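Structural overview for review
One letter stands for each residue in the lines below.
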Amino acid sequence: MEDKRKLLDQPLHGIYIPIALILFGTWIFSWSYMPYSIAFIAIVFSFRYYEAMKRRSSIDKNIWRDFELMDKTLIAPMTSIYRFKLNREDEILDIPTGHHLACCFIVDGKDEIRFYSPISNQFDAGFFDILVKHYERGKVTRRLAQVQVGQTVKFRGTVGTLNYSPGMAKEIGLIAGGTGITPILQVITRVITDLEDDTKLKLIYGNETERDILLKNEIDEIAAKYPNFDVHYTVTHPEPSWTGSKGYVTREMIEQYAPQISDDNMLFICGPPEMKRSLFAITQEMGWKKENIFCF
Ligand SMILES: Cc1cc2nc3c(=O)[nH]c(=O)nc-3n(C[C@H](O)[C@H](O)[C@H](O)COP(=O)(O)OP(=O)(O)OC[C@H]3O[C@@H](n4cnc5c(N)ncnc54)[C@H](O)[C@@H]3O)c2cc1C
């Protein structure tokens, strides 16, 4: 369905017909009032234009814009949540489910562009959050870690190819590795906050150690609250007390914890490139059709 709210952001929406009527009325009534009518139209037009410009989204698909860092919070080893300010306090980052923002830093005179999936939801107004893991030799993440509150970072977007709609699958198996949880979290939030979406979600989340599991409390809370959402964790280097799976995500884990292979079900996979490549191959060997697998 077409989103008619977007029409409000067009400065001239709903203005042509009233202008034509005023001009036509003035022409019939008396030409001598024409300057007053034109002045009135100019005032109304300027006000509408100003209001529409204020309502426009802070983020643009094609133009890089600067966003002020409001806050940063370390949530796991080498991983922080960065909060950036939107233009208006009541603005919500309107981002299609599972889409990303492009972020740009100039490193050694060259534009380095990386993608980040916001984890803030459709109820968070005035800001957006990204969750970023830092790499010691990472070109962009090393620079991002040095940004101080009050300084700005360039973003544009949104970017992405997932076209999520409720009912696109009966059950969705979500397989995430490390920071690959960020777009997966968008899907989870979207499904659990839509009362009419009864898609069943089954998450398999892999990490190096227990301490690396991002947003575990939040994920566990969702699993406890929503019967349509299950989670299973696996870590490569567990503590002796660990009760979840050990090692990388395997075929057996997918058989046990993801939905049954069916044309009605789908798999969404997000993680480091090698993980995505290997899971795409494994799941097809298992019998999943290519068109039922989406890799972010
Ligand atoms: C669609 C999409 C969405 C993404 N969303 C997020 C997100 O929400 N949060 C987030 O933190 N990242 C996300 N990423 C990854 C992100 O875009 C960068 O690739 C990452 O932040 C590293 O950038 P860098 O410039 O610091 O590292 P680079 O300079 O590109 O790489 C330096 C070194 O870091 C290591 N490295 C880099 N990326 C990875 C990785 N993914 N896994 C393991 N080792 C790696 C490698 O050793 C590499 O040689 C996303 C990627 C894509 C494609």
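In this text, all values refer to a predicted model and were calculated from it rather than measured experimentally.

1. Re the site of the ligand
Around the ligand, the structure places 17 residues, and the nearest of them are R114, Y116, L131, T141 and T182. The separation between a nitrogen atom of the ligand and a polar side-chain atom of Y135 is 3.3 Å. A distance of 2.7 Å is found between an oxygen atom of the ligand and a side-chain nitrogen or oxygen belonging to T182. Its free accessible area being 920 Å², the ligand has 67% of it covered by the protein chains. Both of domain 2 (65–159) and domain 3 (171–295) provide at least three residues apiece to the shell around the ligand.

2. Topic: the environment of I130
In this structure, I130 sits in strand β5 (residues 127–133). With a relative accessible area of 0%, I130 lands in the buried category. Along the chain, I130 and R83 lie 47 residues apart, while their C-alpha atoms are 6.7 Å from each other.

3. Details of the nonpolar core
If you look at the biggest cluster of nonpolar residues, it comprises 34 residues, and the most contacted ones within it are L174, I184, I188, L203, Y205 and F268. For this core, the elements supplying multiple residues, two or more each, are β7 (171–177), α4 (181–192), β8 (200–207), α5 (216–225), β9 (229–235) and β11 (266–270). Considering each element in turn, this core owes the most residues, 7 residues, to α4. The residues that make up this core include at least three from each of domain 2 (65–159) and domain 3 (171–295).

Cut-offs applied
- Residues numbered from 1 in each chain as written.
- Predicted model: local features only at pLDDT ≥ 70, side-chain atom pairs only at ≥ 80, totals over all residues.
- Heavy atoms only, no water.
- Near = heavy atom within 4 Å.
- Polar contact = N/O pair within 3.5 Å; in protein donor to acceptor, adjacent residues only side chain to side chain.
- Areas by Shrake-Rupley, 256 points an atom, 1.4 Å probe, with all protein chains shown as cover.
- Domains from an automatic or database assignment.
- Helix = DSSP H or I, 4+ residues; strand = E, 2+ residues; numbered from the N terminus.
- Buried < 20%, exposed > 50% of the residue type's maximum accessible area, 1.4 Å probe, protein only.
- Core = buried A, V, L, I, M, F, W, Y, C linked by side-chain atoms within 4.5 Å.

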